[in-house]
Amino acid sequence: MHAYCDFDGTIAEIDVTDAVLERFASAEWRDVERAWEEGHISARQCMSAQVALIHASMSEIDAFLDTVKIDADFAEFASWCSTHMIPVTVVSDGVDRFIRRILANHGLEHLHVIANRLSVENTGSRLHYSLDTPFFESTCGAGSGVCKCAIVQSDARQIYVGDGRSDFCVSSKVDLLFAKHALAVHCARNFIPFVPYTTFKDVQNLAAAQLMNLVTFHDAGLLLSQTA
């Protein structure tokens, strides 16, 4: 079993990238957002253009990131996964620098994070921000900087926890999907099986039941093989 978790709106209570843009980017970021929503540009193009509009020092951004809250039950969920040897991967079409800062603030810096990478260049007059997308795939149906379908490939049983548009394409490709907000609406409209959830306590409880079923099934099969 392998747990994959979206970050913005899933682990974090808010969309962190949008919140950073709201506070520190020039107003054009909303025009770029509108172009993406209307289908004129890809998600990758959208975020790359928006990040370049940020006008702030890294210390100013960090000070804001330090105020961001996460799901109150996520740390316990991550600990439970560790106890049961279930890998946890944070897979996000957001910004790695933001994600890692917030996770570290909650003692979760050890978690594996896959996200777009923030590059910072000091041009003398100000810092220039740009986005690297090492997990981009040209065949990505969502046009995202991080192709979640390419990431979530494993022989292990897959748990996926998400909430938004960047999770749409991967939602039909996992074994057990937890969804809320826009992702839940998308799944309902497209007849994709999912489990609604509110917090990671809900996710942990059902994952524990699934794990118990797998263990019981394995034990039963082992007993049959020994008595055959």
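Residues numbered from 1 in each chain as written. Predicted model: local features only at pLDDT ≥ 70, side-chain atom pairs only at ≥ 80, totals over all residues. Heavy atoms only, no water.

Enquirer: Talk me through the confidence of the model for the protein chain; I want residue IDs and the actual numbers.
Expert: Looking at the protein chain, the pLDDT average stands at 90 and 93% of residues meet or exceed 70. When mean pLDDT is compared element by element in the protein chain, helix H6 (residues 96-105) scores highest at 98, while helix H9 (residues 200-227) scores lowest at 63. Segment residues 215-228 is flagged for pLDDT under 50; beyond a separation of four residues in sequence, or across chains, it makes zero contacts in the model. (pLDDT = per-residue confidence, 0-100. Helix = DSSP H or I, 4+ residues; strand = E, 2+ residues; numbered from the N terminus. Contact = heavy atoms within 4.5 Å.)

Enquirer: Explain the nonpolar core to me, using residue names and the numbers behind them.
Expert: By size, the foremost hydrophobic cluster in this structure holds 57 residues, and its most contacted members are Ile54 and Phe74. Setting aside residues up to four positions removed in sequence, Phe74 forms contacts with Cys5, Ile11, Leu103, Leu108, Leu111 and Phe200. One finds Cys149, Val152, Leu177 and Ala179 within the second-largest nonpolar core, a separate group that totals 18 residues. (Core = buried A, V, L, I, M, F, W, Y, C linked by side-chain atoms within 4.5 Å. Buried < 20%, exposed > 50% of the residue type's maximum accessible area, 1.4 Å probe, protein only.)

Enquirer: How would you sum up helix H8 (residues 181-189)? Please name residues and give values.
Expert: All buried positions along H8 are accounted for by Leu183, Ala184, His186 and Cys187. Across the axial projection of H8, the buried residues extend over an arc of 160°, all falling on one side. Exposed and facing more than 90 degrees away from the buried side of H8 are His181 and Arg189. In this fold, the buried residues of H8 make contact with strand S5 (158-162) and strand S6 (176-179). Phi turns positive one or two residues past the end of H8, at Phe191, with a value near 55°. (Arc of directions from axis to C-beta.)

Enquirer: Any details on the packing of aromatic side chains? Residues and values, ideally.
Expert: The geometry of two aromatic rings is summed up by the distance between their centres and the angle between their planes. Taken as a whole and judged by the stated rule, the model has seven aromatic pairs. Measuring from ring centre to ring centre gives 6.4 Å for Phe77 and Trp80, while their planes differ by 25°; the resulting arrangement is stacked. Of this pair, Phe77 and Trp80 both sit in helix H5 (residues 74-83), three residues apart, which is roughly one turn of that helix. An aromatic cluster is defined as three or more aromatic residues linked by ring pairs; in this entry it consists of Phe74, Phe77, Trp80, Phe178, Tyr197 and Phe200. (Phe/Tyr/Trp six-rings, centres within 6.5 Å; stacked < 30°, edge-to-face > 60°.)

Enquirer: Before we move on, can you summarise the sheet that holds strand S1 (residues 2-5) with the specific residues and values?
Expert: Reading across from one edge, S4-S3-S2-S1-S5-S6-S7 is the order of the seven strands in this open sheet, with mixed pairing throughout. Every interior strand has two partners, whereas the edge strands, strand S4 (127-132) and strand S7 (195-196), have only one. Examined bridge by bridge, S5 and S6 share four bridges and lie parallel to one another. Considered in S6, the bridge of Ile159 is made with Leu176. (Pairing = 2+ DSSP bridges.)

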